[in-house]
Every structure is written in structure tokens, then in C-alpha cells.
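Report on the structure
Residue strings, one per chain:
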Amino acid sequence: SRPSDVTRGRRRVCRAFAMLQFMHALSISMLLSRGIVRPVAPQSRPTASPIMSSRDMESSLSVNEMKRLLSERGVDFRDCIEKKDLADRLQASAREGKFGSAIPTTLSENENRVVSTFTRVSPSVCFVQVSQQLQALPFQLRALEVPAGSGSGFVWDTAGHCVTNYHVIASRGPVPSTVKLRLQGSAESFDAEVVGVEPEKDIAVLKIKPGALPPPIPVGTSHDLQVGQSVLAIGNPFGLDYTLTTGVVSALGRDVDGVGGRPIKGCIQTDAAINPGNSGGPLLDSRGRLIGINTAILAPSRGGQAGSIGIGFAIPVDTVRRVVSQIIRYGRVVRPSLGINVLDDAIKRSYEAQLRRKLPGVLVVEAIPDSPAQRAGLQPARFRGADVALGDLITHINGDPTRQVEDLLSAIEEIHVDDEVELRVLRGCDERRAEKVLVRLVSRDKLPKAAPAAFPNVGRYGSGR
């Protein structure tokens, strides 16, 4: 049905009233924009804010609280001796209307993050001390226990395993069966059993009774680190326990000479101060995750005592995790092997000079009988009277070049036992006879004992590669 005349009239009135309201708001907006009228803030009733007396402040506030308030107000209080002096200075500042300072007195966001990380992680860092027995007098029956070395370490898991550097516990002789370990907040030292060591990676695993241990440090990754990102180092430099230093990742992929003679590849370089005693301590990212173990510094000796010049090195956590997991599970590092022995690089260079040609790879000089390499058909070099018949030259493993022996060793260490690898070999060192060979790795201790090498200066490491 059609609306009545009354309904239509009401609608016209409503539209007209809405139009008047719009025009009124528009006119007020124009007047404000031209400065003809000014907005008036609503008046509020004044509230009384009484100032405490000096005596009340002195009785209700502590000395530290008054110092903090004065500092926040930007008031100098260095000449205040007694608590009453602070209370008088605080009351005077209140009467002058000083209730804040333009200078920030609280920690920045980054500082708060560092403080929080140190507070959370430092209880999991431990002080490692090694002692040795010495007989002071020839006829003295009781041996004297003297310190033989110290360093840092950290809690690895809830089972009581702790990790440190190999050179921390074996710097002055053979690996001891137990060492002393002390955690933050503990007055006594614990006897820690040495579970296993890996000298070539400068890693040792200890174990204490898993009582009321602090939580283990969260484990991060090192393959995705970036130069310039912030790092934190916690340790016991020169015996000063639970010291924090900060810095950045200065470089990646550094080679550091290990205790076993082979370089530790892929180390992290940092400018965070690392000094004697920091060895074995954790290197952390800004979120408090483990990214490495502090292990070495580059420092000239000053009067017989080395110190940090801003170049320190840490074993990457990806290597640490692989080695520590094997030590905990097997008591040692399970080394994968191809079952071959290869020629040392220095000797290979002398052969290159005699042959007047380059050998761009690793030369096989022995395939251990009944090894994966022999079953895969790898051919070693052989003597023919005074001549040498060149064998297979390994140029790549899983697509990565192997220009020297260390390249092959490092690549194999990254692969697990029973995994299959693809080798690119030059048969007889002939580039026209390149082939791809698949070999399944085995543990070195599963290989048959190799016969004495018939080739001079064979590069032997354990039971072969």
C-alpha cells in the first residue's frame, strides 16, 4: 500500500533536520580552520597533590629508592652523605616541580634483552678445573693435589652431560677419568666423569649426577649465521667466574688448528672478548641459543700472558651437536669410511712435478680388502718396477670438489654411517675416463685391518677413509 500523507511529511521533516545538522557542523569546521573561533578545553576541578615531608620520605623510602627517584628527576645527589640528605634533596626537587628527566634512566630494549639472556643462561655455565697428583717429597706417602688447568663448560642435557674443550681437561697430560665441575650458586664442586673426547674437534663430554641441575642451554644452528649478528660469550676468563662479553660474528668458515693436528673447519670468528679460561664456554646468539663453543684466540703474548685482541674462534654448534651426540651414545666418535688410503698432498705435488701435469683431486693408493671402496671397484695406484701406474683420482664427492685430502675427510665426516655417497673419479687419472661411483660408508672399526702400505707416504688416518 502507498504511504499516507502523514508518513511522507514526517520523512521530509527528518531529512530537513539532518541537513541542518550537517550545515552546522560544516560551518563550525570552517570557522575553526580559519582561526575565527578556538576550541575550549573542558575545565576540570583542581586536585590537591600534597608533597610528603622530608621526615615521611625518610621513613617510607629506602636509600636506593630515593636515589632512583632523584636520578629519574635529573637531580645531582653525589654530595649527599646521610639518608636525611637524600630525603631533603628529594623534597626540594618535588617543591620545584621536578618529576622527570629528559635523560633516559632506564635500560634500553637491547640492554634489557642482554640482561635477560645472561640471567637465564648463566646458571647453565660451569667452571671446570683439572688437578693432578704430585708427590712433594720422595718419602711422602700422600700425594699432593695441585691445579693443572681450568676452563669453562655448560650443561648439555637433563641427564647430567656437560660439554667443554678437550684441551681444557688434557692440556698437561693424558685425559683424566674425572674432573671438578662447579655450577653457579653452588659452593661445592662436583666430580664429573669424562664420558668421551674428540681431540680432532677439541670437544670433551663430562657427566655429573643429574640432581637439581639448571636447564640445558637451548641449541641453535650455525649453518645460517650471518656476519654482523650479535653474539654473547659467557665463561670464566682468568678464573673470574660467570663473565659476560658481547660482540658480533666477525667472519665465518675459518679453519682453526685442532689439538689432533687437523684443522677444525667452519669455525666462527668473533670480536667478543675471549681470554684464557673462556675455553669450553658457550657462544650464544642474541636469543640465548648455543651457536658455538669458544675454543681459541689469536693473540700475541705479552710478557708470557696471552690476552684478547678481538679475534676469537668458536667451534660451530652443528659440528658440536654431531660429535657430542655420538660420544653420548657410543662413548666415542663413530667415523664413517670409504675403506681407502690416499696419498698425502705434499707427496702428490712432488709426483705432479715429475709427471709435469696436475692431479686435480685425491689419489687412491690403497683399497682395503673387502671394503666398500673395493666392492665398488675403486682402483689404487700400483708399482711397476721403478714406474708407478696411477690409480683412480677422486675429484668430487656428492658434487663437492675434493682438491685436497682435507676436503675428502671433511666431506665424509658430515655423512652418516650406512649412507651412500657419489664419487666422481678419473680412472687412471685420465680426464677422458671420468665415471661416477656409488659407495656406501661403513664405520672405521668395521673395516678389516689394512695391510702395510706398499706406497710411500700414504695418507693414513685411523683405518682409512
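Heads up: these notes are all about the structure in this document. (Residues numbered from 1 in each chain as written. Predicted model: local features only at pLDDT ≥ 70, side-chain atom pairs only at ≥ 80, totals over all residues. Heavy atoms only, no water.)

Turning next to the overall build of the protein. Within the protein, the regular secondary structure consists of ten helices and 25 strands. Counting only residues that meet the buried cut, the protein has 38% of its 465 residues in that class. In the protein, of all internal contacts separated by at least 6 residues, the share reaching a separation of at least 24 is 61%. In the structure as shown, the protein presents an accessible area of about 26600 Å², 52% of it carried by carbon and sulfur atoms. (Helix = DSSP H or I, 4+ residues; strand = E, 2+ residues; numbered from the N terminus. Buried < 20%, exposed > 50% of the residue type's maximum accessible area, 1.4 Å probe, protein only. Contact = heavy atoms within 4.5 Å. Areas by Shrake-Rupley, 256 points an atom, 1.4 Å probe, with all protein chains shown as cover.)

This part covers the nonpolar core. With 25 residues, the main nonpolar core has Phe154, Trp156, Val163, Ile203, Val320 and Val324 as its most contacted residues. At the level of elements, β6 (203-207), β7 (230-235), β9 (263-270), β11 (290-297), β14 (312-316) and α7 (317-330) are the ones that each hand at least two residues to this core. Among the elements that line this core, the one with the most residues is α7, at five residues. Residues within four places of Phe154 in sequence aside, it is in contact with Ser124, Val125, Cys126, His161, Cys162, Val163, Ile217, Gly280, Gly281, Pro282, Leu290 and Ile293. Counting 21 residues, the second largest nonpolar core, distinct from the first, contains Val342, Leu378, Leu409 and Leu441. (Core = buried A, V, L, I, M, F, W, Y, C linked by side-chain atoms within 4.5 Å.)

The next thing to look at is the pairing of strand β10 (residues 282-285). For a regular strand, side chains alternate in direction, first toward one face of the sheet and then toward the other. Residue alternation in β10 divides its side chains into two sets, Pro282 and Leu284 and Leu283 and Asp285, and both sets are buried. Sheet analysis places β7 next to β10, joined by three bridges and oriented antiparallel. By the bridge assignment, Val231 is partnered in β10 with Asp285. In the sheet, β10 pairs with β11 via three bridges, with the strands oriented antiparallel. Bridged to Leu284 within β11 is Leu290. (Pairing = 2+ DSSP bridges.)

With 13 residues, helix α4 (residues 83-95) extends 19 Å from end C-alpha to end C-alpha; this agrees with the ideal 18 Å at 1.5 Å per step. Taken together, the buried positions of α4 are Leu86, Ala87, Leu90, Gln91, Ser93 and Ala94. Within α4, the buried residues cover an arc of 160° as seen down the axis, which keeps them to one side. Next to the buried residues of α4 lie α2 (54-60) and α3 (63-72). Looking one or two residues past α4, Gly97 carries a phi angle of roughly 80°, positive in sign. (Expected span 1.5 Å × (residues − 1). Arc of directions from axis to C-beta.)

With a phi close to 55°, Arg356 is a non-glycine residue in the positive phi region. Its place among the elements puts Arg356 in the loop between α8 (345-355) and β17 (362-367). Positive phi values are uncommon outside glycine, yet Asp370 reaches one of about 60°. Under the relative-accessibility criterion, Asp370 is labelled exposed at 53%.

Among the structural elements, Thr395 can be located in strand β20 (residues 393-397). Of the residues examined, Thr395 reaches a relative accessible area of 5% and is grouped as buried. Once residues within four sequence positions are removed from consideration, Thr395 is found in contact with Pro360, Gly361, Asp400, Pro401, Thr402, Arg424 and Leu426.

In this section: the sheet that holds β14. Strand order around the closed barrel formed by six strands is β7-β8-β9-β14-β11-β10, with antiparallel pairing between neighbours. Neighbour to neighbour, the strand axes of the sheet diverge by 50° on average, direction disregarded. Strands in contact with helix α5 (residues 109-121) are β7, β8 (243-257) and β10; relative to β7, the strand with the most contacts, it is inclined by about 35°. (Axes fitted to C-alpha atoms, helices over the stretch in contact; angles between N-to-C directions.)

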